[in-house]
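Residue strings, one per chain:
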Amino acid sequence: MDDFTPEELEQGRILFARPATFVMGCAKIEQLPDPDLPEVAFAGRSNVGKSSLINGLVGMHKLARASNEPGRTREVNFFDLDGKMRLVDLPGYGWAKASKSTVKKFQDLGRDYLRGRVTLKRVYLLIDSRHGLKKVDDEALDALDLAAVSYQIVLTKADKLKKGEAEKVQAATLKAISKRPAAYPAVIVTSAEKGDGMPELRAEIMRTTGAEL
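Notes on the structure follow. Keep in mind that this is a model prediction, so the values were computed, not measured.

1. A short note on the nonpolar core
Link 1 in the chain: Leu90, Tyr113, Leu114, Val123, Leu125 and Ile153 are the most contacted members of the largest nonpolar core, which totals 32 residues.
Link 2 in the chain: Those elements that provide at least two residues to this core are β2 (39-44), β3 (76-81), α3 (100-116), β5 (120-128), α4 (135-147), β6 (151-156) and α5 (165-176).
Link 3 in the chain: The element contributing the most residues to this core is β5, with 4 residues.
Link 4 in the chain: In contact with valine 123, other than residues within four places in its own chain, are Ala41, Ala43, Leu114, Leu144, Val149, Ser150, Tyr151 and Gln152.
Link 5 in the chain: If you look at the next biggest cluster of nonpolar residues, it comprises 25 residues, including Leu81, Met85, Val154 and Met198.

2. Some points on the side chain of aspartate 145
Link 1 in the chain: Of note, aspartate 145 is situated in helix α4.
Link 2 in the chain: Within the structure, the side chain of aspartate 145 is placed 3.1 Å from the backbone nitrogen of alanine 182, a separation counted as a polar contact.
Link 3 in the chain: Leaving out residues up to four positions away in the same chain, aspartate 145 has contacts with Tyr151, Arg180, Pro181, Ala182 and Ala183.

3. What to know about the packing of helix α2 (residues 50-58) against helix α6 (residues 198-209)
Between two packed helices, both the angle of their axes relative to each other and the distance between the axes serve to describe the pair.
Link 1 in the chain: One way to put it is that α2 packs onto α6 with a least axis distance of 10 Å and a crossing angle of 80 degrees. By the angle between their axes, α2 is roughly perpendicular relative to α6. Taken together, the residues of α6 that come into contact with α2 (itself represented by Leu53, Gly56 and Leu57) are Met198, Leu201, Arg202 and Ile205.
Link 2 in the chain: Its residues assigned to classes, the contact of α2 with α6 shows 5 nonpolar, 1 polar and 1 charged.

4. Digging into the sheet that holds β5
Pairing between sheet strands relies on hydrogen bonds along the backbone, with the strands arranged either parallel or antiparallel.
Link 1 in the chain: Reading across the sheet, the 7 strands line up as β1-β3-β4-β2-β5-β6-β7 and stay open at both edges, with mixed pairing between neighbours. What marks the edges here is a single partner per strand, and that holds for β1 (20-26) and β7 (188-189).
Link 2 in the chain: Across 4 bridges, the pairing between β2 and strand β4 (residues 85-89) is parallel. When the sheet's bridge partners are listed, phenylalanine 42 is paired in β4 with aspartate 89.
Link 3 in the chain: Taken strand by strand, α4 contacts β5 and β6, and its axis lies near 170 degrees from that of β5.

5. Overview of the pairing of β3
Link 1 in the chain: Most of β3 sits inside the fold, with 6 of its 6 residues counted as buried.
Link 2 in the chain: Side chains of β3 alternate between two faces, with Val76, Phe78 and Asp80 and Asn77, Phe79 and Leu81 buried alike.
Link 3 in the chain: In this structure, β1 lies alongside β3, joined through 6 bridges in antiparallel fashion. Considered in β3, the bridge of threonine 21 is made with aspartate 80.

6. Some thoughts on the packing of aromatic side chains
For any pair of aromatic rings, the description consists of the separation of the ring centres together with the inter-plane angle of the planes.
Link 1 in the chain: Throughout the structure, instances matching the rule amount to 3 aromatic pairs.
Link 2 in the chain: Seen from their ring centres, phenylalanine 78 and tyrosine 113 are 6.0 Å apart, and the 80 degrees between their planes marks the pair as edge-to-face. With phenylalanine 78 in strand β3 and tyrosine 113 in helix α3, the pair connects residues that are 35 residues apart, well separated along the chain.
Link 3 in the chain: Owing to a relative accessible area of 0%, tyrosine 113 belongs among the buried residues under this scheme.

7. Here we look at the environment of glutamate 7
Link 1 in the chain: Checked against the element boundaries, glutamate 7 lands in helix α1 (residues 6-16).
Link 2 in the chain: Relative accessible area serves as the criterion here: at 54%, glutamate 7 is assigned to the exposed category.
Link 3 in the chain: For the pair formed by glutamate 7 and alanine 203, sequence separation is 196 residues and the distance between their alpha carbons is 9.5 Å.

8. Remarks on the pairing of β4
Link 1 in the chain: Of all the 5 residues making up β4, 5 are buried; the element is thus mostly covered by neighbouring parts of the structure.
Link 2 in the chain: Residues Met85, Leu87 and Asp89 line one face of β4 and the alternating positions Arg86 and Val88 line the opposite face, and both faces are buried.
Link 3 in the chain: Two successive antiparallel strands, β3 and β4, enclose a turn made up of 3 residues, where aspartate 82 displays a positive phi of approximately 50 degrees.

9. Thoughts on the pattern of salt bridges
Link 1 in the chain: What the rule picks out here adds up to 17 salt bridges.
Link 2 in the chain: A salt bridge links lysine 50 to aspartate 89; its shortest N-O distance comes to 2.5 Å. Of the two residues, lysine 50 sits in helix α2 while aspartate 89 sits in strand β4, which places them 39 residues apart along the sequence. Here lysine 50 and aspartate 89 have matching classes, each one buried.
Link 3 in the chain: The closest approach of N and O atoms between arginine 180 and aspartate 142, which form a salt bridge, is 3.0 Å. With arginine 180 in the loop between α5 and β7 and aspartate 142 in helix α4, the pair connects residues that are 38 residues apart, well separated along the chain.
Link 4 in the chain: Taken together, the shared-partner salt bridges in this structure form one network comprising Asp36, Glu39, Arg86 and Arg117.

Calculation criteria
Residues numbered from 1 in each chain as written. Predicted model: local features only at pLDDT ≥ 70, side-chain atom pairs only at ≥ 80, totals over all residues. Heavy atoms only, no water. Core = buried A, V, L, I, M, F, W, Y, C linked by side-chain atoms within 4.5 Å. Buried < 20%, exposed > 50% of the residue type's maximum accessible area, 1.4 Å probe, protein only. Helix = DSSP H or I, 4+ residues; strand = E, 2+ residues; numbered from the N terminus. Contact = heavy atoms within 4.5 Å. Polar contact = N/O pair within 3.5 Å; in protein donor to acceptor, adjacent residues only side chain to side chain. Axes fitted to C-alpha atoms, helices over the stretch in contact; angles between N-to-C directions. Parallel < 35°, antiparallel > 145°, perpendicular 65-115°, else oblique. Nonpolar A, V, L, I, M, F, W, Y, C, P; charged D, E, K, R; others polar. Pairing = 2+ DSSP bridges. Phe/Tyr/Trp six-rings, centres within 6.5 Å; stacked < 30°, edge-to-face > 60°. Salt bridge = Lys/Arg side-chain N within 4 Å of Asp/Glu carboxyl O.

Right, dumping it as structure tokens:
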């Protein structure tokens, strides 16, 4: 994990304490908002905890809607952080209670966004720390490498692991992506429930986007 100074961690805390609002959900590429703010996107399997992570970052319980039905997010959802940046929730992958044609439609939308968004600074690919990288994640990694979009692995639900296990998964994940061309060489371990790793993730996003207080 990158090292952050206490000042950077505090600046990240202040930035993400600013008002965050839902902007819009886009079902078609033509509906995307104007690319006038830096953006970071969150991707991952349908049940990896994207909504919980986004809510944890901004300290709000219901900004991003979590669902008991994995695969519900079928749009690209945009959230505005006080006019400083946008947080983007991409459609989940890997499993969804939907027809194959519907699944393909919203996954293609995510890929179109990745390929053509000039203000996209980084994708944070969420991986359940209890399972690590799986074969189902390879397609997402390949798509990000192909799109030449900088991405960083964020391990979620670390509070579910026994002591010491998170470090092992972190090391194995870093090794697995070491030769991937678009992968950022640092893996952040988080728990949205406990707050672990969230200060570092906020600081990382602030540094990546160049957002200022």
